[in-house]
Amino acid sequence: MTVEQNVLQQSTSQKHQQTFLNQLREITGINDTQILQQALKDSNGNLELAVAFLTAKNAKTPQQEETTYYQTALPGNDRYISVGSQADTNVIDLTGDDKDDLQRAIALSLEESNRAFRETGITDEEQAISRVLEASIAENKASLKRTHTEVWSDSPNPYDRKRQDNCPVGLKNVGNTCWFSAVIQSLFNLLEFRRLVLNYSPPASAQDLPRNQKEHRNLPFMRELRHLFALLVGSKRKYVDPSRAVDILKDAFKSNGSQQQDVSEFTHKLLDWLEDAFQMKAEEERDGEKPKNPMLELFYGRFLAVGVLEGKKFENTEMFGQYPLQVNGFKDLHECLEAAMIEGEIESLHSENSAKSGQEHWFTELPPVLTFELSRFEFNQALGRPEKIHNKLEFPQVLYLDRYMHKNREITRIKRDEIKRLKEYLTVLQQRLERYLSYGSGPKRFPLVDVLQYALEFASSKPVCTSPVDDIDASSPPSGSIPSQTLPSTAEQQQGTPSELPSTSPTPRSFIHKPFTQSRIPPDLPMHPAPRHITEEELSVLEGCLHRWRTEVENDTRDLQESISRIHRTIEQMYSDKSMVQVPYRLHAVLVHEGQANAGHYWAYIFDHHQERWMKYNDISVTKSTWEELERDSFGGYRNASAYCLMYINDKEQFLIREDFHKETGQKLVGMETLPTDLREFVKEDNQRFEKELEDWDLQLAQKAQQEKILASQKIREPAPSVMTAQTEEPEYLEQPSRTDLTKYLKEETMRAITKASSEHEDTNPETVLQLIMMTPNMQGIIMAIGKSRSVYDRCGPEAGFFKAIKLEYARLVKLAQEDTPPETDYRLHHAVVYFIQNQSPKKIIERTLLEQFGNRNLSFDERCRNIMKIAQAKLEMIKPEEVNMEEYEKWHQDYRNFRDTTMYLMIGLEHFQKKSYIKAILHLICAYQNNKELLSKGPYRGHDEELISHYRRECLLKLNEHAAELFESGDDQEVNNGLIIMNEFIVPSLPLLLVDEMEEKDIVAVEDMRNRWCSYLGQEMEPNLQEKLTDFLPKLLDCSTEIKGFNELPKLPSYSTHELCERFARIMLSLSRTPADGR
């Protein structure tokens, strides 16, 4: 073994030892390094035994202040894993408190662990993490076998999975792997990193047979990662499946576990494996020189630690990768960095005789890609579980790191001292200002300027000479009642007439004071308290003093506020001079976590440096975004979402985002052109398979259409029960429903109604007769119009009668369209032409629709109706193709059919809702809302009231969610499974529909209520099987993706006649307790 390899192995062991110490500190809350080292030594490096040992003795150990510098706790199998390693010589974790003690602890406690590492190349830490990965994949496969209703299932229609133009490709969530997608997409969009992975070739020595465990693990992973990156570049699919790359992680470590992976842990491990893979390649290609590892050059930097330990000064250089930052107690990223760069009592750094300990960190070399881990999880010792920190933390798009550089440490120290002095002065000013704004010595305090104003108002009030109690006679009537002097005396009352005696009493009646009903303030009583005695001279002096004092207080307050604002500006601009803005880092990616500490969902916001816009990568969904959306989801303090990892890149290192160009022509390479030959062939084969899926789908549709066409032609050949005409069959809403059991009696009744209507004056309304007849509103209107036009028909012939009838019918429909009706009376359901008129359809569409109604073959009750029907059919045949756009005509009628379908979805959904059949109701209401939204996008009168449908859809989901939660709480296996089926099949697929429109605040609040209902179970005592099911289910519920996921089966609509539809719709609308204003 070479000296270099020995040093590397020893340094790696030291890293893992430090990681275990950090983890013990997080879990137990004990900060005493010696106690932690002793526990680790006694347990022979076994983290679980060390935790048990410390937990048992914790009651006897004084609780110290918890200062956690590096928290990435992930619960699993009753142990908590924390990964903080960086694979390089001299790599030391950033969170150690005592470097010398750590060296002694390493030598004493890791002898056995190092031996295992040398033999297998696998650390205990890696084995622990593998249990998490194994569980994720195993659970995914088990869930696929368990149910066919997985949210992540592919759409059967391949066109739904087809990539649109050059839209970025997403990654499929194959079972709690949103963490994988977020990290991989962030790295893939670093073009330099992408080039390194795509152009990686395994070392020649490892082509045939891997020599050790690392090669056996890393080389297959690199192969699958190259394939995955190639698909992300050139695939024709909307999203690709990363299962093979994830499977490598499972196959590398055989273990058990059940926990969703953690982003920072996976990023650590991914970079370690990539570093190992590139190290093997670098060592093979080196020519006598120290090999260069591109992963180290991209992601690792160095800092200088200078400080004092027990009075002794020290200074050493350390390497870092992902830089951990505490969030709790800080408002922005610079405050986090300032706290991380200074530890302990920094005053001792410049003192010769102090024995205090402290240290400063100064960056000596920054990596091109700088990643910050935001420690948003902390272990709650009292509750025995990790908790998430939801505090708001702001971070900039461009971060200047000059103040943290070693070369600037002298000027930075001066500025820090100045800022410290300014902040101390600021604190004094704020305390003084607070005394002005909260004046007084009691629990209630007021601004001093208001106190002086109140005193001035009191002094200026009109003086009174009596007590506020003495000037009111409790026995006298209040002002406005009858004065006592006008009341008759007892003698006068006794001398009254007998008729008056019953209404009088021998003694005067005392009046009852009713302060809130009859009493009125006497006109001479002042509205406010006032001084009893004050002279003009006293008032003049007092007013002068109060005015002067008030002015002085206002000036003092204004001066304090201006001084505070000026100091704030000075502090903010302290590092804005030119010398301190020379190291700009631009925000490249933000990894977001939503949920609680032990369950949640990850996605990433990534900046497209060439299009200069933010993109949101949420598993299979890749959408355009904005900085405002990123702020809302990433800063924290809003819902349960916040940034967990920030990736900045050096703004001056353009090679990181430089696109590829052809070496000879200089033209930019795009898509497949950027891929090596082997990967280009790999992607072509996958695209061919996908194109075959598209062709098979098209073939299936064509075969289905051909079968339907054959069936339709067979029906046409069958003899019709009535006389066939040349007129084609119209939709149900345009024709009289023809029933095979239509009796002769019904026809005779219709004839009598027509005869009666035609025998009366044309202005007479025969609707009272026709209401008894079974026919559509369309046919009713036509029959009435024909009856009213009888005189014209008799005088001038059938054609004149036809024009008169169609004119009358059109006038009636226009009148109906102009009426302002309540929701239960919607004339659009009665007649398609009313719908067309309200939505301003072309006149030719309305004319042809009316002609088709008058030309209906069922209009054959008597000779007059048949003649008018024939004239209408002749007019239809005379219409030339260029006069009416039949494609547009069909679109309008299709919209009306969609309107009727939407009405039926809404009506049936509301009926089920009132019957408390919420599962049936929700599917109908969702269909109603989606169809209605599409209709309203074409015009305000195309659909129904969107607010009404949204309200009942939301209420139905909330009631379903509550019912499912109650089933889960029951603990019964069957009930729990039923509750989770409701959530997986109905609630989870519905959430994106509520989140897709961010303007609907009520929907967003409802989603949060449903999620919080289930998150409230976290940390509660429950059976292990319930805990497992909850852990499996929560990531789906907390998924923030607005990618619309399909339901198993949409409800089928029954066939309703127009009469029945209108009647049922009116009945359900009248029965609603909540009826918003009509959307029309």
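For the chain, an unreviewed UniProt entry supplies the name Ubiquitin carboxyl-terminal hydrolase 25 and the organism Phascolarctos cinereus. The record held by UniProt for the chain lists under Function (unreviewed entry) the comment "The muscle-specific isoform (USP25m) may have a role in the regulation of muscular differentiation and function." The Catalytic activity (unreviewed entry) field of the UniProt record for the chain holds the comment "Thiol-dependent hydrolysis of ester, thioester, amide, peptide and isopeptide bonds formed by the C-terminal Gly of ubiquitin (a 76-residue protein attached to proteins as an intracellular targeting signal)."

K.L.:
Even after reading the chapter, I still don't get the nonpolar core, so can you show me in this structure?
P.N.:
In a soluble, globular protein the nonpolar side chains are often hidden away together inside. Counting residues in hydrophobic clusters, the biggest one holds 95 residues, and the most contacted among them are Phe854, Leu859, Leu910 and Trp1014. Non-local contacts of leucine 859, meaning those with residues more than four positions away in its chain, are made with Met779, Ile782, Ile783, Ile786, Phe854, Cys865, Arg866 and Met869. Judged by nonpolar contacts, the second largest core, of 63 residues, contains Phe188, Leu219, Met222 and Val622.

K.L.:
Looking at this structure, how should I read the confidence of the model for the chain?
P.N.:
Close inspection of predicted coordinates is inappropriate in any region flagged by low pLDDT. On average, residues of the chain carry a pLDDT of 75, and 68% of them reach 70 or more. Within the chain, no element has a lower average pLDDT than strand 2 (residues 79-81), which sits at 30, and none a higher one than strand 13 (residues 398-400), at 94. For the stretch residues 1074-1080, pLDDT sits under 50, and the model shows 23 contacts to residues farther than four places along the chain or on other chains.

K.L.:
Could you clarify how one ought to interpret the packing of aromatic side chains in this entry?
P.N.:
With the rule as written, the count across this model stands at 31 aromatic pairs. Both rings, one in tryptophan 1014 and one in tyrosine 1017, keep their centres 5.6 Å apart while their planes meet at 80°; by these two values the pair is edge-to-face. On the basis of relative accessible area, tyrosine 1017 is assigned to the buried category, the value being 3%. Seen from the ring of tyrosine 889, arginine 848 lies directly overhead, with NZ or CZ sitting 5.5 Å from the centre. Taking the ring centre of tyrosine 929 as reference, the NZ or CZ of arginine 953 above it sits at 3.8 Å.

K.L.:
Quick question: what am I supposed to make of helix 32 (residues 973-995) here?
P.N.:
Since the α-helix advances by 3.6 residues per turn, residues separated by three or four positions end up pointing in the same direction. In this model helix 32 runs 31 Å from its N-terminal to its C-terminal C-alpha over 23 residues, within 8% of the 33 Å that 1.5 Å per residue would give. Most pronounced at methionine 983, the bend in helix 32 amounts to some 35°. Near the N-terminus of helix 32, the side chain that reaches the backbone nitrogen of glutamine 974, with its oxygen 3.2 Å away, is that of aspartate 972.

K.L.:
I tried to follow unusual backbone geometry on my own but got confused; where do I start?
P.N.:
Comment: phi is negative for the bulk of residues other than glycine, and the bulk of peptide bonds are trans. For aspartate 165, which is not glycine, the phi dihedral falls at a positive 50°. Along the chain, aspartate 165 falls in the loop between helix 6 (124-146) and strand 3 (170-171).

K.L.:
Would you take a moment to explain the UniProt feature "coiled-coil region" (unreviewed entry) in the chain for this structure?
P.N.:
The UniProt entry lists residues 680-707 under the feature "coiled-coil region" (unreviewed entry), expressed in the numbering used here. When the span residues 680-707 is considered, its composition is 100% helix and 0% strand, and the gap between its end C-alpha atoms is 40 Å.

K.L.:
Please clarify how the pairing of strand 14 (residues 584-596) should be interpreted in this entry.
P.N.:
Side-chain positions along a regular strand alternate between the two faces of the sheet. In terms of burial, strand 14 is a largely internal element, 12 of the 13 residues being buried. The pairing of strand 13 with strand 14 spans 3 bridges and is antiparallel. Residue pairing for strand 14: valine 398 is matched across the bridge by arginine 586. Bridging between strand 14 and strand 18 (residues 641-650) involves 9 bridges; their strand directions are antiparallel. Counterpart to histidine 593 in the pairing with strand 18 is serine 642. Across 8 bridges, strand 14 lies against strand 15 (residues 599-608) in antiparallel orientation. Bridge pairing in strand 15 places histidine 593 opposite tyrosine 602.

K.L.:
Quick question: what am I supposed to make of the environment of arginine 558 here?
P.N.:
By the element assignment, arginine 558 lies in helix 17 (residues 536-572). As a C-alpha pair, arginine 558 and leucine 433 span 125 residues in sequence and 9.3 Å in three-dimensional space.

K.L.:
So what exactly am I meant to see when it comes to the side chain of serine 235 here?
P.N.:
In this fold, serine 235 is placed in the loop between helix 9 (213-234) and strand 4 (239-240). Aside from chain neighbours lying at most four places away, what touches serine 235 is Arg163, Val169, Ala230, Val240, Val683, Asp686 and Asn687.

K.L.:
Sorry, what's going on with the packing of helix 15 (residues 448-460) against helix 17 here?
P.N.:
The relative placement of two packed helices comes down to the angle between their axes together with the axis-to-axis distance. Look at helix 15 against helix 17: their axes get within 9 Å of each other, and the N-to-C directions meet at 165°. Classified by the angle between their axes, helix 15 and helix 17 sit roughly antiparallel to one another. Two packed elements cross with a definite hand, and for helix 15 against helix 17 that hand is left-handed. Note on element contacts: helix 17 touches helix 15 through Leu539, Leu542, Glu543, Leu546, His547, Trp549, Arg550, Val553 and Glu554, opposite Leu448, Val449, Leu452, Gln453, Ala455, Leu456, Ala459 and Ser460. Of the residues in the contact of helix 15 with helix 17, the class split is 11 nonpolar, 3 polar and 3 charged.

K.L.:
Help me out: how do you make sense of the pattern of salt bridges in this one?
P.N.:
Here the idea is simple: oppositely charged side chains can pair when their charged atoms come close. The final tally for this structure, using the stated rule, is 40 salt bridges. In this structure, arginine 421 engages glutamate 418 in a salt bridge whose closest nitrogen and oxygen atoms are separated by 2.5 Å. A residue pair is termed a helical-turn pair when its members lie 3 or 4 positions apart in one helix, as arginine 421 and glutamate 418 do in helix 14 (residues 409-437) at 3 residues. Look at arginine 421 and you get partly exposed, because its relative accessible area is 44%. A relative accessible area of 28% means that glutamate 418 is categorised as partly exposed. The partner of glutamate 552 in a salt bridge is arginine 548, and the shortest N-O contact between them spans 3.9 Å. Of this pair, glutamate 552 and arginine 548 both sit in helix 17, 4 residues apart, roughly one helical turn. Judged by its relative accessible area of 40%, glutamate 552 falls in the partly exposed class. The exposure class assigned to arginine 548 is partly exposed, which follows from its relative accessible area of 42%.

Definitions and cut-offs
- Residues numbered from 1 in each chain as written.
- Predicted model: local features only at pLDDT ≥ 70, side-chain atom pairs only at ≥ 80, totals over all residues.
- Heavy atoms only, no water.
- UniProt positions renumbered as here; feature names shortened; annotations may be inferred.
- Core = buried A, V, L, I, M, F, W, Y, C linked by side-chain atoms within 4.5 Å.
- Buried < 20%, exposed > 50% of the residue type's maximum accessible area, 1.4 Å probe, protein only.
- Contact = heavy atoms within 4.5 Å.
- pLDDT = per-residue confidence, 0-100.
- Helix = DSSP H or I, 4+ residues; strand = E, 2+ residues; numbered from the N terminus.
- Phe/Tyr/Trp six-rings, centres within 6.5 Å; stacked < 30°, edge-to-face > 60°.
- Lys NZ or Arg CZ within 6 Å of the ring centre and 35° of its normal.
- Expected span 1.5 Å × (residues − 1).
- Bend = angle between axes of the 7 residues up to and from the residue.
- Polar contact = N/O pair within 3.5 Å; in protein donor to acceptor, adjacent residues only side chain to side chain.
- Pairing = 2+ DSSP bridges.
- Axes fitted to C-alpha atoms, helices over the stretch in contact; angles between N-to-C directions.
- Parallel < 35°, antiparallel > 145°, perpendicular 65-115°, else oblique.
- Left-handed = near helix turned anticlockwise from the far one by under 90°.
- Nonpolar A, V, L, I, M, F, W, Y, C, P; charged D, E, K, R; others polar.
- Salt bridge = Lys/Arg side-chain N within 4 Å of Asp/Glu carboxyl O.

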